Amino acid sequence: MSTDRLLHLLRSPAASSNPAARQGLRSPQRLRLPQAASGMQRASVACSSSGSGGDRGMTYKGAGVDIDAGTELVRRIAKMAPGIGGFGGLFPWGDDYLVAGTDGVGTKLKLAFETGIHDTIGIDLVAMSVNDIVTSGAKPLFFLDYFATSKLDVDLAEKVIRGIVDGCQQSDCVLLGGETAEMPGFYAEGEYDLSGFAVGAVKKDKVIDGKNIVEGDVLIGLPSSGVHSNGFSLARRYCHYCKACFLLMSFVLEIIGKGGVKGLAHITGGGFTDNIPRVFPSGLGAKIFTGSWEVPPVFQWLQQVGNIEDAEMRRTFNMGIGMVLVVSKETADRILKDSQGSNCVYRIGEVIQGEGVHYT
């Protein structure tokens, strides 16, 4: 593997907070991610555009991921198991709801295999599930993992589990158990698969379900740390970028604890276009103010070298926003005021009549 495809975890100066001050990226170069939420790591990442010349107008579907097919499967499953479709599943338990979520890290695993970086992919695994259950206002309680490989490499597996433990510690939840499966001949040599399951709890009178969202409510965006774990089937064609997800959990729960949050959308597969509408009552949609937040240069670079349309970018990647909060105007003002000088948040849009997501 050429050196220009290696991830370099380096601290870099903060980028300008003014979107208008940024300039478009040109040839492949080391990218510097802007400063975002307090405690987030920044990274520079060297990318290679080799082979991109023939890929004109790339799409997620063209890279092998059909979001529409996934949506259709969920629709069919909902007929057999009514009530699914949220970011986490709710189970009544006394005065609480137990909230459960499950996920993997997708083809980002390929980057771990190619770079040899195995001690952070577990953070991604925890983050994907924990950030999902937090959208209901749940505090994570425990996590379980599943690790499968053809031939168990104990040292490698230890590195992966160490990342899972790190993710659980960041989430203030317990790694309660897991399963290690050795299946000869099932995976390529040196490769493995991961999945995880998180369970949290929220008081029934505190659950966040989006039912009180109305026209005129404000959309507040919390920054991501980069590509996270979605869109890599497309991103891997151009960039070996495997920085771990940022766990938004503690910051989100702090905001929730002050009241006024009506809905939460975790921006994962499907991007803005498919995830934000999941929290709205029927008949409502979103207007997104493009240019109202700092888009990390990695997304600009991916769009340039892949010649990817704006609509495809917004339905594939998080574009620098890891979580979207739906709040009243008064709550939005308070969150923006409280975040000054500490955590970076953005007023990125508003709730409108008419379903779907519209960009202005």
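Here goes a summary of the coordinates provided.

Conventions and cut-offs
- Residues numbered from 1 in each chain as written.
- Predicted model: local features only at pLDDT ≥ 70, side-chain atom pairs only at ≥ 80, totals over all residues.
- Heavy atoms only, no water.
- Phe/Tyr/Trp six-rings, centres within 6.5 Å; stacked < 30°, edge-to-face > 60°.
- Helix = DSSP H or I, 4+ residues; strand = E, 2+ residues; numbered from the N terminus.
- Buried < 20%, exposed > 50% of the residue type's maximum accessible area, 1.4 Å probe, protein only.
- Lys NZ or Arg CZ within 6 Å of the ring centre and 35° of its normal.
- Pairing = 2+ DSSP bridges.
- Axes fitted to C-alpha atoms, helices over the stretch in contact; angles between N-to-C directions.
- Contact = heavy atoms within 4.5 Å.
- Arc of directions from axis to C-beta.
- 1 Å grid on protein atoms, 1.4 Å probe; cavity = no way out; pocket = protein on both sides within 12 Å on 5 of 7 lines; lining within 4 Å.
- Points joined across faces, edges and corners; volume = space filled by probe spheres on them.

1. Quick word on the packing of aromatic side chains
In this structure the tally under the stated criterion is five aromatic pairs. Ring geometry for Phe 147 and Tyr 192: centres 5.2 Å apart, planes at 25°, overall stacked. Taken together, the positions of Phe 147 in strand S6 (residues 139–149) and Tyr 192 in strand S8 (residues 192–203) put the pair 45 residues apart, joining distant regions of the chain. Exposure class is identical for Phe 147 and Tyr 192. Each is buried. Aromatic side chains Phe 186 and Tyr 187 sit 5.1 Å apart centroid to centroid with 70° between the ring planes, which places their arrangement in the edge-to-face category. What links up through ring pairs into an aromatic cluster is the set Phe 113, Phe 147 and Tyr 192. One Lys or Arg, Arg 278, reaches over the ring of Phe 87 and ends 3.9 Å from the middle of that ring. Over the ring of Tyr 359 we find Arg 314; its NZ or CZ atom is 4.3 Å from the centre of that ring.

2. Regarding the sheet that holds S8
Strand order across the open sheet formed by five strands is S4-S5-S8-S6-S7, with mixed pairing between neighbours. This sheet does not close on itself; its edge strands, each paired only once, are strand S4 (89–93) and strand S7 (174–182). Here the strands of the sheet are splayed against their neighbours by 20° on average, with no regard to which way each runs. Looking at chain direction, S4 and strand S5 (residues 96–103) are connected through five bridges and run antiparallel. By the bridge assignment for S5, Trp 93 is matched with Asp 96. Contacts between helix H3 (residues 121–134) and the sheet are confined to S5, S6 and S8, with S8 contributing the most and set at about 30° to the helix. Running at roughly 170° to S6, helix H4 (residues 154–171) makes contact with S6, S7 and S8 of the sheet.

3. Looking at helix H10 (residues 329–339)
Within the span of H10, buried status applies to Thr 331, Ala 332, Ile 335 and Ser 339. Relative to the axis of H10, the buried residues are bounded by an arc of 105° and lie together on one face. Of the exposed residues in H10, those oriented more than 90 degrees away from the buried face are Lys 329, Glu 330 and Lys 337.

4. Quick look at the layout of surface pockets
If you add up the space inside the second largest pocket, you get close to 340 Å³. Forming the walls of the second largest pocket are 17 residues, and the residues nearest its centre are Lys 206, Val 207, Ile 208, Ile 256 and Val 261. The set of elements that each furnish at least two residues to the lining of the second largest pocket consists of helix H6 (249–257) and strand S10 (261–266). At three residues, H6 tops the list of elements feeding residues into the lining of the second largest pocket.

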